[in-house]
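Given next are the chains, with one letter for each unit.
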Amino acid sequence: MFTSSLFVYGISSQLGWAYAPPRGVVVADFSFSLIGLAVLRLMLCRMGSHRAVAEHHPHQRARRAGIIGAGLVGTTLAQEFANRRELGLQAVAFFDDDRSKWRHRIQNVPVIGPPEALLNDCLNLELEEVIIAMPSASARRVAEIVRTLEQLQVRFSTVPSFYELATGQARVCQ
């Protein structure tokens, strides 16, 4: 596109401006063509990546996951689940100790209540996995939550704290 615009500009300057479109038209044509091509390529790449994910996991159903901790880490986790279907997880509920977050929605996922609300049989969330996303919580609080999850006999994992990552106790790949 740059070469063709430069060619038109070169011919116009050699033959005189009487036989060529105004310079503004050449620049506008180049700009609109560049923007149009970029948008087209982005759309095609996006469609191709969605198709590749669908072909790679054609029959995989996302596991229903609950996230304990509706702060920055939990919100980011829910957003990753929504954006990256190949992870095979779908956030269906948040649980948080902060009462001000209860009965709100974060990333279009409801914040049910405290983690102990998992013991409530009326919820019927059918969770297949629970992720503890409270890296700043005390070890005592995390132990309480783990005891609750062991009672429910549900699979769970934790997001390591920044301290564990910095000291090497946990690695990012884990």
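Cut-offs used in this document
- Residues numbered from 1 in each chain as written.
- Predicted model: local features only at pLDDT ≥ 70, side-chain atom pairs only at ≥ 80, totals over all residues.
- Heavy atoms only, no water.
- Helix = DSSP H or I, 4+ residues; strand = E, 2+ residues; numbered from the N terminus.
- Buried < 20%, exposed > 50% of the residue type's maximum accessible area, 1.4 Å probe, protein only.
- Contact = heavy atoms within 4.5 Å.
- Areas by Shrake-Rupley, 256 points an atom, 1.4 Å probe, with all protein chains shown as cover.
- Patch = residues over 30% accessible without salt bridge, like charges linked within 9 Å, V, L, I, M, F, W, Y side chains within 5 Å.
- Salt bridge = Lys/Arg side-chain N within 4 Å of Asp/Glu carboxyl O.
- Polar contact = N/O pair within 3.5 Å; in protein donor to acceptor, adjacent residues only side chain to side chain.
- Expected span 1.5 Å × (residues − 1).
- Arc of directions from axis to C-beta.
- Pairing = 2+ DSSP bridges.
- Axes fitted to C-alpha atoms, helices over the stretch in contact; angles between N-to-C directions.

**Focus on the overall build of the protein**
Okay, step 1: A tally of helices and strands in the protein yields five helices and six strands.
Okay, step 2: The secondary structure elements of the protein, listed N-terminal to C-terminal, are α-α-β-α-β-β-β-β-α-β-α.
Okay, step 3: Counting the 174 residues in the protein, one finds 28% classified as buried.
Okay, step 4: The contacts in the protein between residues at least 6 apart in sequence include a share of 64% that link residues at least 24 apart.
Okay, step 5: With an accessible surface of roughly 12100 Å², the protein has 58% of that area assigned to carbon and sulfur atoms.

**A look at a nonpolar patch on the surface**
Okay, step 1: Residues Met1, Leu34, Leu37, Leu40, Leu44 and Met47 make up a contiguous nonpolar surface patch of about 550 Å² in total accessible area.
Okay, step 2: Inspection of the secondary structure assignment puts methionine 47 in helix H2 (residues 23-56).

**Focus on the side chain of arginine 141**
Okay, step 1: Along the chain, arginine 141 falls in helix H4 (residues 139-152).
Okay, step 2: What makes arginine 141 buried here is its relative accessible area of 14%.
Okay, step 3: Here the side chain of arginine 141 touches glutamate 144 through a polar contact of 3.0 Å, side chain to side chain.
Okay, step 4: Ignoring anything within four residues of it in the chain, the contact list for arginine 141 reads Asp97, Pro115 and Glu116.

**Comments concerning H4**
Okay, step 1: Here H4 spans 20 Å end to end across 14 residues, near enough to the 20 Å set by a 1.5 Å rise per residue.
Okay, step 2: Every buried residue of H4 is accounted for by Arg141, Val142, Ile145, Val146, Thr148 and Leu149. Looking down the long axis of H4, one finds its buried residues gathered within 160° of arc, a one-sided arrangement. When the buried face of H4 is taken as reference, the exposed residues oriented beyond 90 degrees from it are Ala139, Arg140, Glu150 and Gln151.
Okay, step 3: Looking at the buried positions of H4, the neighbouring elements they touch are strand E1 (63-68), strand E5 (129-132) and strand E6 (155-158).
Okay, step 4: The positive-phi residue at the C-terminal boundary of H4 is glutamine 153, with phi of around 55°.

**Considering the sheet that holds strand E2 (residues 89-95)**
Okay, step 1: Taken together, six strands build an open sheet; the order of strands is E3-E4-E2-E1-E5-E6 and the sheet is mixed. Each having just a single partner strand, strand E3 (105-106) and E6 make up the two edges of the open sheet.
Okay, step 2: The sheet contacts of helix H3 (residues 72-83) involve E1, E2, E3 and E5, and relative to E2 the element is tilted by about 155°.

**A closer look at the environment of isoleucine 112**
Okay, step 1: Take isoleucine 112: it is sitting in strand E4 (residues 109-113).
Okay, step 2: On the basis of relative accessibility, which here comes to 28%, the residue isoleucine 112 falls in the partly exposed class.
Okay, step 3: With residues near it in sequence (within four places) discarded, isoleucine 112 still touches Ala93, Phe94, Phe95, Ala117 and Leu123.

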